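Here's the letter readout for the chains.
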Amino acid sequence: RLPVFAPRLSTGLINPNPDVQVSHQEEATATIDGDNGMGHIVASRSMELAMSLAKTFGVAAVAAKNSNDFGMAGYYARMALEEQMLAIVVSNDAPVMVPTYGKVPMLGSNPLAIAIPGAEDATPFVLDMATTATSRHRLEDAVRSGETIPPGLALDKSGNRTEDPKAALEAMALLPLGASSEAGSHKGYGLAIAIDI
């Protein structure tokens, strides 16, 4: 994602030197103000605070605002595994998801990651997913490799389903997890709305 972040940093769309601060805290809950900084920095500090609060209170919830794309949600959920803690990480993002029965993107792919430590030396459980049927990265990979995408992942600019990853990227209109109402797209759409809220 460096080609995306570099111009945003150089033009001031992302603050390269943010003053990331806790803007509000009450016992096990807190809000972090990211000062429009890189999402990676804001999310890392948010998880560090959440883990610190959870050590004191047994559970914690930390929200971040004024931040940017943070990359892979699973990375931050995995941070808790080092402390033998469970973590749930969610984020909203720019509109790329077309709602069930819709034709225009209205919600982000709104990722969800859950990490649960395993007992003793057992492998931990980690789920890292978007609420869309695919991701921008998967479309980009398909364009680079010259492959088509499976049906039911995205729409083209005319609002028609497409198997052409280039047309899907141009429209950036991804379908919800489940892809159609018959396949349960309301689940991805519902999860995306819940994360947005």
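To be clear, the structure that these remarks concern was listed above.
Residues numbered from 1 in each chain as written. Predicted model: local features only at pLDDT ≥ 70, side-chain atom pairs only at ≥ 80, totals over all residues. Heavy atoms only, no water.

Moving on, we get to the overall build of the chain. When helices and strands are counted, the chain shows 6 helices and 9 strands. Relative to the 2.2 N^0.38 estimate, which gives 16 Å for 197 residues, the radius of gyration of the chain is 18 Å and therefore close to what a compact globule would have. On the principal axes, the C-alpha backbone points of the chain span a range of 50 × 45 × 30 Å. Out of the 197 residues belonging to the chain, those deemed buried represent 38%. Taking the contacts inside the chain whose residues are at least 6 apart along the sequence as the reference set, 51% of them involve residues at least 24 apart. For the chain, the computed accessible surface area is about 11100 Å², with 54% contributed by carbon and sulfur atoms. One finds the centroid of the 14 positive side-chain charges in the chain at a distance of 7 Å from the centroid of its 22 negative side-chain charges. (Helix = DSSP H or I, 4+ residues; strand = E, 2+ residues; numbered from the N terminus. Rg over C-alpha atoms; globule rule 2.2 N^0.38 Å. Buried < 20%, exposed > 50% of the residue type's maximum accessible area, 1.4 Å probe, protein only. Contact = heavy atoms within 4.5 Å. Areas by Shrake-Rupley, 256 points an atom, 1.4 Å probe, with all protein chains shown as cover. Lys, Arg positive; Asp, Glu negative; His and termini not counted. Charge placed at Lys NZ, Arg CZ, Asp CG, Glu CD.)

What follows is about the nonpolar core. For soluble globular proteins, nonpolar side chains are generally found buried alongside one another. Counting 16 residues, the largest nonpolar core has Met47, Met51, Phe70, Tyr76, Ala77, Ala80 and Val89 as its most contacted members. Looking at this core, the elements that each hand over two or more residues are α2 (39-57), α3 (73-79), β4 (87-90) and β5 (112-116). Those residues in contact with Val89 that sit more than four places away from it in its chain are Met47, Phe70, Ala73, Tyr76, Ala77, Pro111, Leu112 and Ala113. Core analysis: the second largest hydrophobic core is formed by 9 residues, Val96, Ile149, Ala168 and Leu174 among them. (Core = buried A, V, L, I, M, F, W, Y, C linked by side-chain atoms within 4.5 Å.)

Our focus in this paragraph is the layout of surface pockets. Looking at the second largest pocket, its volume works out to about 190 Å³. For the second largest pocket, the lining is made up of 16 residues, of which Tyr101, Gly102, Arg161, Leu175 and Ala179 are closest to its centre. Looking at the lining of the second largest pocket residue by residue, the class counts come to 7 nonpolar, 7 polar and 2 charged. (1 Å grid on protein atoms, 1.4 Å probe; cavity = no way out; pocket = protein on both sides within 12 Å on 5 of 7 lines; lining within 4 Å. Points joined across faces, edges and corners; volume = space filled by probe spheres on them. Nonpolar A, V, L, I, M, F, W, Y, C, P; charged D, E, K, R; others polar.)

Turning our eyes to something else, we now look at the sheet that holds strand β1 (residues 21-26). Taken in spatial order, the 3 strands line up as β1-β2-β3 in an open sheet, and their pairing is mixed. If you trace the sheet from one side to the other, it starts and ends with β1 and β3 (61-65), each paired once. Pairs of neighbouring strands in the sheet enclose a mean axial angle of 20 degrees, with direction left out of account. Here 5 bridges tie strand β2 (residues 29-33) to β3, and the two strands are oriented parallel to one another. Residue Ala30 lies in a different strand from β3, and its bridge partner there is Val62. The strands touched by α2 are β1, β2 and β3; relative to β2, the strand with the most contacts, the crossing angle is about 160 degrees. (Pairing = 2+ DSSP bridges. Axes fitted to C-alpha atoms, helices over the stretch in contact; angles between N-to-C directions.)

Within a sheet, each strand pairs with its neighbour through backbone hydrogen bonds, oriented either parallel or antiparallel. Strand order in the open sheet formed by 3 strands is β4-β5-β6, and the pairing between neighbours is antiparallel. The outermost strands of the open sheet, each flanked by one partner alone, are β4 and β6 (125-129). Each strand of the sheet is rotated relative to its neighbour by a mean of 5 degrees, with strand direction disregarded. Bridge count between β4 and β5: 4 bridges; the pairing is antiparallel.

Turning our attention to helix α6 (residues 185-196). The periodicity of an α-helix, 3.6 residues per turn, causes residues three or four positions apart to be oriented the same way. Between the first and last C-alpha of α6 there are 17 Å, a value that for 12 residues agrees with the 16 Å anticipated at 1.5 Å per step. Buried-residue contacts for α6 involve β4 and β5. (Expected span 1.5 Å × (residues − 1).)

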